[in-house]
Amino acid sequence: MSAEALPETAGVYWRPRVDADRLARRGRVWTLTTVAHTIPYLIASGVLFWLEPLSAPVGAILLAHAWAIPELYAKRGANVLRRRPRAADGPERTAIGLLGDLVGHDARALHARTGLVLERGALGVWLVGEGGAVLVAPGGRRAFCWCVHVEDRSLPSADRIAHLLLALRTDEAGFATVANLAFSGAPRRVRRRLPPAMRPALDAAVAAGH
Amino acid sequence: MARLIRMDGSGHTTLAEWTAADEQAVEAAVSAFRAQLDAGYYAVVTEGEGHARQVDELPMDAELVILRRPIAGG
């Protein structure tokens, strides 16, 4: 990938530029925040039950909250890869032709099966979708889900991916700086919430990240 | 022959084609390139799989120059 800074980073000048250390720290903070959101419900549920066993239904509601919060975060992460409405067949075919020229045979085949493009970078292995990307960190144990898109709703789906792919290739760290982090956690938590057709792409990214 | 293409609602549109030897074609390509940059597009030259470079001047030696819209988070 090129070392040139992505011009869009000027629009988020207050954000520190992403690098591997900063990313690892963000991942840890994300996990701690999720735990901090969850633990109070677990404690409150336990204390209530200890004080008054008849409060078990209330405790169950609290436990449901403790379960739902991480689930909702993971769902938000998986949503970055959600497919957008199709354009007409002609433009879609043309756009797929261009995207196919930009990637290798394996990535082309994976895109045909899953709608996602796998791209190896310095920060890890990326899965690029139409309105976001998932970065599987080296080792394959943590995924970062990024919301990032091109501001043109008329574009065919493959062109939306090509926009993100070219920006990513121009400046990977800048790309991650511009994008909004939607989730960080174990890839399996994202995988469960992906449409089944997309799961092989995440599996491939995790495998490539090892 | 080198090409300048813009990703748009049609998939992509070829705005100019040129060879270094054809001065008129080069001039037309440079003119189209500048107009698109003024319209807010960014120009990218692919440099093999996994590599791309943003350019502010039309590189005469590039085979393919792609114009893209800005991206944003969210």
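Going by the structure above, here's the rest.
Since the model is a prediction, treat every value here as computed from it, not as a measurement. (Residues numbered from 1 in each chain as written. Chains lettered and ligands numbered in written order. Predicted model: local features only at pLDDT ≥ 70, side-chain atom pairs only at ≥ 80, totals over all residues. Heavy atoms only, no water.)

Moving on, we come to the overall build of chain A. A tally of helices and strands in chain A yields eight helices and five strands. Helices and strands in chain A line up, N terminus first, as α-α-α-α-β-β-β-β-α-α-β-α-α. In chain A, which comprises 210 residues, the proportion classed as buried is 51%. Counted over contacts in chain A with a minimum sequence separation of 6, partners at least 24 positions apart contribute 70%. Accessible surface for chain A amounts to roughly 9,900 Å². Of this, 63% is attributable to carbon and sulfur atoms. Both charge centroids of chain A, one from 27 positive and one from 18 negative side chains, sit 7 Å from each other. (Helix = DSSP H or I, 4+ residues; strand = E, 2+ residues; numbered from the N terminus. Buried < 20%, exposed > 50% of the residue type's maximum accessible area, 1.4 Å probe, protein only. Contact = heavy atoms within 4.5 Å. Areas by Shrake-Rupley, 256 points an atom, 1.4 Å probe, with all protein chains shown as cover. Lys, Arg positive; Asp, Glu negative; His and termini not counted. Charge placed at Lys NZ, Arg CZ, Asp CG, Glu CD.)

Attention now goes to the packing of aromatic side chains. In the structure shown here, the tally under the stated rule is five aromatic pairs over all chains. Here W30 of chain A and F183 of chain A contribute two aromatic rings whose centre-to-centre distance is 6.4 Å and whose plane-to-plane angle is 85°, an arrangement assigned as edge-to-face. Of the two residues, W30 of chain A is situated in helix α1 (residues 20–51) and F183 of chain A in strand β5 (residues 180–185); the sequence distance between them amounts to 153 residues. Here F183 of chain A falls in the buried class, since its relative accessible area comes to 1%. With 6.3 Å between their ring centres and 25° between their planes, F144 of chain A and W146 of chain A make a pair best called stacked. For the residue pair F144 of chain A and W146 of chain A, the accessibility class agrees, reading buried in each case. Among the aromatic residues, those joined into a ring-pair cluster are W30, Y73 and F183 of chain A. Residue placement shows R69 of chain B over the ring face of Y41 of chain B; its charged tip is 4.6 Å from the ring centre. (Phe/Tyr/Trp six-rings, centres within 6.5 Å; stacked < 30°, edge-to-face > 60°. Lys NZ or Arg CZ within 6 Å of the ring centre and 35° of its normal.)

This part is about the nonpolar core. In terms of nonpolar packing, the biggest core is built from 65 residues, with W126, V134, W146 and F175 of chain A together with I71 of chain B touching the most fellow members. Considering every element that reaches this core, the biggest residue donor is helix α5 (residues 157–170) of chain A, with eight residues. Each residue touching W126 of chain A, except ones within four places of it in the same chain, is listed here: V117, L118, E119, G121, A133, V134, L135, W146, L168, E172, F175 and A176 of chain A. Membership of the second largest hydrophobic core comes to 18 residues, among which are A16, V26, V30 and F33 of chain B. (Core = buried A, V, L, I, M, F, W, Y, C linked by side-chain atoms within 4.5 Å.)

Residues and elements named next belong to chain A. Taken together, the side chains of V35, I39, L42, I43, V47, W50, L51 and L63 define a hydrophobic patch exposed on the protein surface, amounting to about 790 Å² of accessible area. A total of seven residues in the nonpolar patch trace back to one element, the largest contributor, which is α1. Tracing the sequence through the fold places W50 in helix α1. (Patch = residues over 30% accessible without salt bridge, like charges linked within 9 Å, V, L, I, M, F, W, Y side chains within 5 Å. Salt bridge = Lys/Arg side-chain N within 4 Å of Asp/Glu carboxyl O.)

Attention now moves to the environment of L118 of chain A. Residues and elements named next belong to chain A. Within the fold, L118 resides in strand β1 (residues 117–120). Of the residues examined, L118 reaches a relative accessible area of 12% and is grouped as buried. A sequence separation of 17 residues divides L118 from L135, and the C-alpha atoms of the two residues are 9.7 Å apart. Excluding its chain neighbours within four sequence positions, the residues that come into contact with L118 are A107, L110, V125, W126, L127, A201, A204 and A205.

Function-wise, these values are silent; they only describe arrangement.
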